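Residues per chain, in single letters:
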Amino acid sequence: MTLGSSGSADQHTATQRARSALAGLMSSVGSLGLATAASAPALLAAIDQHAAAIRDSLEADLRPLSAIALAGYVEGLRDAAREHGWHMPEGHIDFATGDWVLTRMLAVCALAQALPART
């Protein structure tokens, strides 16, 4: 195997792991949260604003919007939130409460859904 093909294999593996992490996020909060947002204009607007901020942040770092970038972003978000005492709600999640971290996670889910199948 040549160095170039190894790099491609590594990239593929990283993309697969990122997609798996994003699928887990979608399963834990994204599906229900985005469905709730579809009938809650204020929540949908907040998600859109967060998504724009995430895109701006990643573009400022010169990283294209990809599954890898989004998975890394949400991992950093989760770690920082935990360091400040935030915990993922258990049981029923009320997305209308305005929890900044959850809204940011929903924005990541919305961005991930919009990715082309191969990024």
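Parameters at a glance
- Residues numbered from 1 in each chain as written.
- Predicted model: local features only at pLDDT ≥ 70, side-chain atom pairs only at ≥ 80, totals over all residues.
- Heavy atoms only, no water.
- Helix = DSSP H or I, 4+ residues; strand = E, 2+ residues; numbered from the N terminus.
- Buried < 20%, exposed > 50% of the residue type's maximum accessible area, 1.4 Å probe, protein only.
- Contact = heavy atoms within 4.5 Å.
- Areas by Shrake-Rupley, 256 points an atom, 1.4 Å probe, with all protein chains shown as cover.
- Lys, Arg positive; Asp, Glu negative; His and termini not counted.
- Charge placed at Lys NZ, Arg CZ, Asp CG, Glu CD.
- Expected span 1.5 Å × (residues − 1).
- Axes fitted to C-alpha atoms, helices over the stretch in contact; angles between N-to-C directions.
- Parallel < 35°, antiparallel > 145°, perpendicular 65-115°, else oblique.
- Nonpolar A, V, L, I, M, F, W, Y, C, P; charged D, E, K, R; others polar.
- Core = buried A, V, L, I, M, F, W, Y, C linked by side-chain atoms within 4.5 Å.

**Q** Please explain the overall build of the protein chain as it appears in this structure.
**A** Regarding its fold elements, the protein chain presents 4 helices and 0 strands. Going from N to C terminus, the protein chain has its helices and strands arranged as α-α-α-α. Its C-alpha atoms give the protein chain principal-axis dimensions of roughly 50 × 25 × 25 Å. The buried share among the 119 residues of the protein chain stands at 34%. Put simply, of all contacts in the protein chain between residues at least 6 apart along the chain, 76% involve residues at least 24 apart. Accessible area of the protein chain: about 7100 Å², with a carbon and sulfur share of 56%. Here the protein chain holds 8 positive side-chain charges and 11 negative ones, and the gap between their average locations is 8 Å.

**Q** Honestly, helix 3 (residues 67-83) in this entry has me stumped. Any pointers?
**A** It helps to recall that an α-helix has 3.6 residues per turn; residues three or four apart then point in one direction. For helix 3, which comprises 17 residues, the first-to-last C-alpha distance of 24 Å matches the rise-based estimate of 24 Å (1.5 Å per residue) to within 8%. Those residues of helix 3 lying buried are Ala 67, Ala 69, Leu 70, Ala 71, Tyr 73, Val 74, Leu 77 and Ala 81. Of the residues one or two after helix 3, Gly 85 is the one with positive phi, at around 90°.

**Q** Help me understand the packing of helix 2 (residues 41-60) against helix 4 (residues 100-113), please; the structure alone is not making it clear to me.
**A** For any two helices packed against each other, one specifies the inter-axial angle together with the distance between the axes. Contact pair helix 2 / helix 4: the axes reach a minimum separation of 8 Å and the direction vectors enclose 70°. Put simply, helix 2 runs roughly perpendicular to helix 4. Contact residues: Leu 43, Ala 46, Ile 47, His 50, Ala 51, Ala 53, Ile 54 and Arg 55 in helix 2; Trp 100, Thr 103, Arg 104, Leu 106, Ala 107, Val 108, Ala 110 and Leu 111 in helix 4. Residues that form the contact of helix 2 with helix 4 fall into these classes: 12 nonpolar, 2 polar and 2 charged.

**Q** Explanation requested: the nonpolar core in the structure shown.
**A** Soluble globular proteins tend to bury their nonpolar side chains together. Ranked by size, the top nonpolar core spans 33 residues in total, and within it Ile 54, Leu 70, Met 105 and Val 108 carry the most contacts. Within the residue set of this core, elements represented by two or more residues are helix 1 (3-38), helix 2, helix 3 and helix 4. For this core, the leading source of residues is helix 4, giving 9 residues. Beyond its immediate chain neighbours, meaning those up to four positions away, Met 105 contacts Leu 25, Val 29, Val 74, Leu 77, Arg 78, Trp 86 and Met 88.

**Q** For this particular structure, what's the right way to read the packing of helix 3 against helix 4?
**A** The interhelical angle for the contact between helix 3 and helix 4, taken along N-to-C directions, is 170°, at an axis separation of 10 Å. Judged on the interaxial angle alone, helix 4 and helix 3 are roughly antiparallel. Residue-level contacts link Leu 70, Tyr 73, Val 74, Leu 77, Arg 78 and Ala 81 of helix 3 to Trp 100, Val 101, Arg 104, Met 105, Val 108, Leu 111 and Ala 112 of helix 4. In the contact of helix 3 with helix 4, the residues fall into 11 nonpolar, no polar and 2 charged.

**Q** It is not clear to me how the side chain of Thr 103 should be interpreted in this structure. Could you clarify?
**A** As for its position among the elements, Thr 103 is in helix 4. You can call Thr 103 buried: its relative accessible area is 6%. The contact partners of Thr 103, leaving out residues within four places of it in the chain, are Leu 43, Ala 46, Ile 47 and His 50.

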